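Summary of the model geometry
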Amino acid sequence: MHRSKPHIVVGGGIMGLAVGWKLLRNGIEQVEIFEAGEAGRSGAAWVAGGMLCPRAEAGFEDMDVYEEGVESLNLYPLLLNELREDAGDVAPAIDNCGTMMLATNADEVRELHRQFEFRKREGVPVELITGEEAREREPLLSAKVKSAMWLAKDAQINNRKLVLALRQAFRNRGGTLHEQEPVSEIVIRNGRAVAVLCGDVEHEASSITVAAGAWSSKVGGLWPNLSIRPVKGQVIGLRIQPFAKLKQPIRTPRVYIVPKDDGRLLVGATSEEVGYDKRVTAGPVMELLHYAWDVFPAVFELEIEELMASFRPATKDHRPIVGDSETNGLYYATGHYRHGILMMPLAAKKVTEAILKHRHTQTHFVSTAGAVL
Ligand code: GLY
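All figures in this text were calculated on a predicted structure; none of them were measured in a lab.

Time to look at the environment of Arg-279. Positionally, Arg-279 belongs in the loop between strand E16 (264-268) and helix H8 (282-295). For the pair Arg-279 and Gln-234, spaced 45 residues apart in sequence, the C-alpha to C-alpha distance is 8.8 Å. Excluding residues that lie within four positions of it along the chain, Arg-279 makes contacts with Lys-232 and Gln-234. Side-chain polar atoms of Arg-279 contact the side chain of Asp-277, separated by 2.8 Å.

Because the α-helix completes a turn every 3.6 residues, residues three or four places apart line up on one side. Along its twelve residues, helix H1 (residues 14-25) runs 16 Å from first to last C-alpha, staying within 8% of the 16 Å computed at 1.5 Å per residue. Looking only at H1, the buried set comprises Ile-14, Met-15, Gly-16, Leu-17, Ala-18, Val-19, Gly-20, Trp-21, Lys-22, Leu-23 and Leu-24. Following H1 by one or two positions, Gly-27 adopts a phi angle in the positive range, close to 95 degrees.

We now examine the environment of Val-9. On the secondary structure map, Val-9 appears in strand E1 (residues 7-10). For Val-9, a relative accessible area of 1% puts it in the buried group. The sequence separation of Val-9 and Glu-35 amounts to 26 residues, and the corresponding C-alpha distance is 8.7 Å. When neighbours within four sequence positions are excluded, Val-9 is seen to be in contact with Gly-16, Val-19, Gly-20, Val-31, Glu-32, Ile-33, Phe-34, Thr-209 and Ala-211.

Right, let's get into the side chain of Glu-108. Of note, Glu-108 is situated in helix H5 (residues 106-121). On the basis of relative accessibility, which here comes to 6%, the residue Glu-108 falls in the buried class. The residues contacting Glu-108, other than those within four sequence positions of it, are Leu-102, Ala-103, Pro-253 and Arg-254.

Another point: the confidence of the model for the protein. Regions with low pLDDT carry predicted coordinates that are not meant to be interpreted in detail. This prediction gives the protein a mean pLDDT of 94; 95% of its residues lie at or above 70. Contacts for the low-pLDDT stretch residues 363-373, under 50 throughout, to residues beyond four places or in other chains number twelve contacts.

What follows covers helix H4 (residues 63-87). With 25 residues, H4 extends 34 Å from end C-alpha to end C-alpha; this agrees with the ideal 36 Å at 1.5 Å per step. Maximal helix bending in H4 amounts to about 35 degrees, located at Tyr-76; proline Pro-77 follows within four positions.

Now for the pattern of salt bridges. Taken as a whole, this structure holds 24 salt bridges when the rule is applied. Among the ionic pairs, Glu-117 bridges to Lys-120, the shortest N-O distance being 3.9 Å. Taken together, the positions of Glu-117 and Lys-120, both in helix H5 and three residues apart, correspond to about one turn of that helix. Of the residues examined, Lys-120 reaches a relative accessible area of 47% and is grouped as partly exposed. The salt bridge involving Asp-294 is made with Lys-144; its shortest N-O contact spans 2.5 Å. Of the two residues, Asp-294 sits in helix H8 while Lys-144 sits in the loop between helix H6 (131-137) and strand E6 (147-151), which places them 150 residues apart along the sequence.

With that settled, consider the pairing of strand E12 (residues 207-210). Burial along E12 is two-sided: the residues Ser-207 and Thr-209 and Ile-208 and Val-210 are all buried. Direction of pairing for E1 relative to E12: parallel, over a ladder of four bridges. Bridge assignment links His-7 to a residue of E12, and that residue is Ser-207. Two strands pair when backbone bridges link them, and E12 and strand E19 (residues 330-334) are joined in this way by three bridges, in the parallel orientation. Bridged to Ile-208 within E19 is Leu-330.

Here is what the cut-offs are and how they apply
- Residues numbered from 1 in each chain as written.
- Predicted model: local features only at pLDDT ≥ 70, side-chain atom pairs only at ≥ 80, totals over all residues.
- Heavy atoms only, no water.
- Helix = DSSP H or I, 4+ residues; strand = E, 2+ residues; numbered from the N terminus.
- Contact = heavy atoms within 4.5 Å.
- Polar contact = N/O pair within 3.5 Å; in protein donor to acceptor, adjacent residues only side chain to side chain.
- Expected span 1.5 Å × (residues − 1).
- Buried < 20%, exposed > 50% of the residue type's maximum accessible area, 1.4 Å probe, protein only.
- pLDDT = per-residue confidence, 0-100.
- Bend = angle between axes of the 7 residues up to and from the residue.
- Salt bridge = Lys/Arg side-chain N within 4 Å of Asp/Glu carboxyl O.
- Pairing = 2+ DSSP bridges.

Right, here's the structure in full:
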């Protein structure tokens, strides 16, 4: 009996799981994910803060992060409804809590005001508030907080529930997950990506999507090689207590503190150019805790539950690589740098649309449905 080849995704982090699941939801029958570690738990999203904050993260050179970030954030409600259909109650809810950006000294106040003016000019919804107004909203903020920017439309999500729900949804839809199976090479023949190599076994594919995050440039067989480097982030996981609660993520230029709905309080994150060195080190942990304590003194009493590190996948210009490639049958969903969780719905949509378009072209199938949902 003729059996068609599966669509293969390289990488079982947030991007790979989302692409695999979306392909299945859009009528593709066989999807296989190859993951070097444990799907969902080995990638950057497991260690992330889960902030969905395009307004806070809009930088002077990064207005595309804002525009694409807002587009992607707008896709979240529908995506989460679908995730509930396929994964049940393990699917998380979005928390439309806003973000507060804080300044504690004259330099930071000047910078915050510039950031505020920039956002206003660009049409980003933003409010500048005083230290007192910030403490009215968050009574436990330090008296050192002099000024704050309030970004009411930002949101957050439980990063861990999200990747576990994607994993569950992928499997419930009939996807095949190969864990502890690193792909060493994409096999390209006659200009077409035809298989992935795991150990000495070749797995043939109808399409291949590289979604291996910071490890994407380690996947062989691609020419030119993907230029993605790991940018290490160390994060401290504290346990929230009744006397140390926050309503939303707070950020300063040196630290962010993110309360999660499972009782974790995340303090992050460093940005280190140290390659794949995953060790958690004393200096950055000390500094992050100090910076956090400076604006939110209650952290002093909290239990440290976890010390974590992971790697953001960064391209040279910090723009993601998403969708079609110059090689037939080869697609990308990688290089999202600091914004993987925010950008996941948009990336999954783009890659799924690209794969379906090629499939339809190849089979002369004319779709009236159009966009991928
Ligand atoms: N998006 C937060 C970080 O990369 O640390």
